[in-house]
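Summary of the model geometry
Here are the chains, one letter per residue:
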Amino acid sequence: MDHTNHYDGFSVQINAEAQRADIILDRPPLNVISMPQRDQLRQVFEALDINDAVRVIVLRAQGTHFSSGGDIKGFLAASPEHVSKLAWNVAAPYRCSKPVIAANRGYCFGVGFELSLACDFRIVTNTTQYALPEQKLGQIPGSGGSARLQKMIGITRTKDVVMRSRRISGEQAYDWGIATQCVEDAQLEEATDAMARELLAFSPLAQRTAKKLLNDTDDASLSTAIELEGHCYSRLRSSEDFREGVEAFHEKRPAVFRGV
């Protein structure tokens, strides 16, 4: 059963049968993201994280553009204290324990790009354009954009994108390792649905463990990362899902995971 809630500039659709929640940006024509919307998006991600009916979260948008970025006037009106919390709000998909897919078509600029970078998977199309245009405003990205991008593609390419406010096509983003998948624009919904279904087939416990481990070790030394990986592996060894996975493998049947 679907049910939809509406917020400032976006809606949330939960399909309990599909174990999926969609966060849908919807402020036509360019899905500009307001200051209050950032707080609400964080709150929604936190609520979905503890919602047992949801296994996978999709962040997408209505229309031909994902988002042209934030409300510029909102920056001048916001207090320095409020602005300092922006990165925490935008990092909500990263902190969420469940897999999050961003479906990006058209413009994906500024905070729209930063939100997508905080997701686990980014599906782009031949219409997608990624950019961090803050230099044109006499600013820098303020919600993790340049930091996340540098981790993904290195300092040379990040300087090229940030310091020149350069737009990156969907194809380029895929080639550089920013995007997980690049498809024809008409195939975006189909590709997103397919990935969501694929993720549902895995153990939710193993998925949560893998995401947290990879996030926690992103800036760790190799020896520390291997040590933490071993501890996580050991904990999963005693899970019911692991037992089910092994038994299903030997019995040549699909595993039925319960997340315990």
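Before reading further, recall that the structure is shown in the block above.
To keep things clear, this report deals only with the structure shown in the data block. Since this is a predicted model, take the numbers as computed values, not measurements.

Examining the nonpolar core
- Counting 39 residues, the largest nonpolar core has Ile23, Leu48, Ile57, Phe113, Tyr130, Leu149 and Ile178 as its most contacted members.
- Once residues within four sequence positions are removed from consideration, Tyr130 is found in contact with Asn104, Cys108, Phe109, Phe113, Arg122, Val124, Arg166, Arg167, Ile168, Ala173 and Ile178.
- Judged by nonpolar contacts, the second largest core, of 11 residues, contains Val56, Val58, Ile123 and Val183.

Quick look at the pattern of salt bridges
- Enumeration according to the criterion identifies 14 salt bridges in this entry.
- Note that Arg105 and Glu189 form a salt bridge whose closest N and O atoms lie 2.8 Å from each other. Residue Arg105 is located in the loop between β5 (100-104) and β6 (107-109), and its partner Glu189 is located in helix α10 (residues 188-200); the two are separated by 84 residues in the primary sequence.
- You can call Arg105 buried: its relative accessible area is 12%.
- According to the relative accessible area criterion, Glu189 is partly exposed, its value standing at 41%.
- Among the salt bridges present, the one from Asp160 reaches Arg164, with a minimum N-O distance of 2.6 Å.
- Under the relative-accessibility criterion, Arg164 is labelled exposed at 57%.

Comments concerning the side chain of Asp22
- Note on placement: Asp22 falls in strand β3 (residues 20-25).
- For Asp22, the side chain forms a polar contact with the side chain of Arg20, separated by 2.7 Å.
- Polar side-chain contacts of Asp22 include one of 2.6 Å to the side chain of Arg60.
- The residues contacting Asp22, other than those within four sequence positions of it, are Ser11, Val12, Gln13, Val58 and Arg60.

Quick word on the packing of aromatic side chains
- Inspection of every chain in the model, using the stated rule, returns 3 aromatic pairs.
- When the centroid spacing of 4.8 Å and the interplanar angle of 20° are considered together, the rings of Tyr107 and Phe109 count as stacked.
- Looking at Tyr107, the relative accessible area reads 25%, which means it is partly exposed.
- An angle of 10° between the planes, with centres 4.3 Å apart, marks the rings of Phe113 and Tyr130 as stacked. Note that Phe113 is positioned in helix α6 (residues 111-117) and Tyr130 in strand β8 (residues 129-131), a separation of 17 residues in sequence. Of the two residues, Phe113 and Tyr130, both sit in the buried class.
- For Arg148, the ring lying beneath its charged end belongs to Tyr94, and the centroid distance is 4.5 Å.
- One Lys or Arg, Arg167, reaches over the ring of Tyr107 and ends 5.4 Å from the middle of that ring.

Calculation rules
Residue numbering note: each chain is counted from 1, following its sequence as written. The predicted nature of this model means local features are confined to residues of pLDDT at least 70 and side-chain atom pairs, given and counted, to a pLDDT of 80 or more, with totals for whole chains, interfaces and linings taken over all residues. Values shown for side chains rest on all heavy atoms present in the structure; no hydrogens or waters enter the calculation. Note on terminology: a nonpolar core comprises buried Ala, Val, Leu, Ile, Met, Phe, Trp, Tyr and Cys residues joined through side-chain atoms within 4.5 Å. For the exposure calls, accessible area comes from a 1.4 Å probe over protein chains only, and a residue counts as buried if that area is under 20% of its type's maximum, exposed if over 50%, partly exposed in between. A contact between two residues is defined here by any heavy atoms of the two lying within 4.5 Å. Here a salt bridge means any side-chain nitrogen of Lys or Arg lying within 4 Å of a carboxyl oxygen belonging to Asp or Glu. Under the scheme used here, helices are H or I runs from DSSP no shorter than 4 residues and strands are E runs no shorter than 2 residues, and both carry numbers assigned from the N terminus. Any pair of N or O atoms that falls within 3.5 Å is considered a polar contact. Within protein, one atom must be able to donate a hydrogen and the other to accept it, and sequence-neighbouring residues count only if both atoms are side-chain atoms. Each Phe, Tyr or Trp ring, with Trp reduced to its six-membered ring, pairs with another whose centre is within 6.5 Å; inter-plane angles below 30 degrees give stacked pairs, above 60 give edge-to-face pairs, and intermediate values give tilted ones. A ring is scored as having a charge over it whenever the NZ atom of a lysine or the CZ atom of an arginine sits within 6 Å of its centre and within 35 degrees of its normal.

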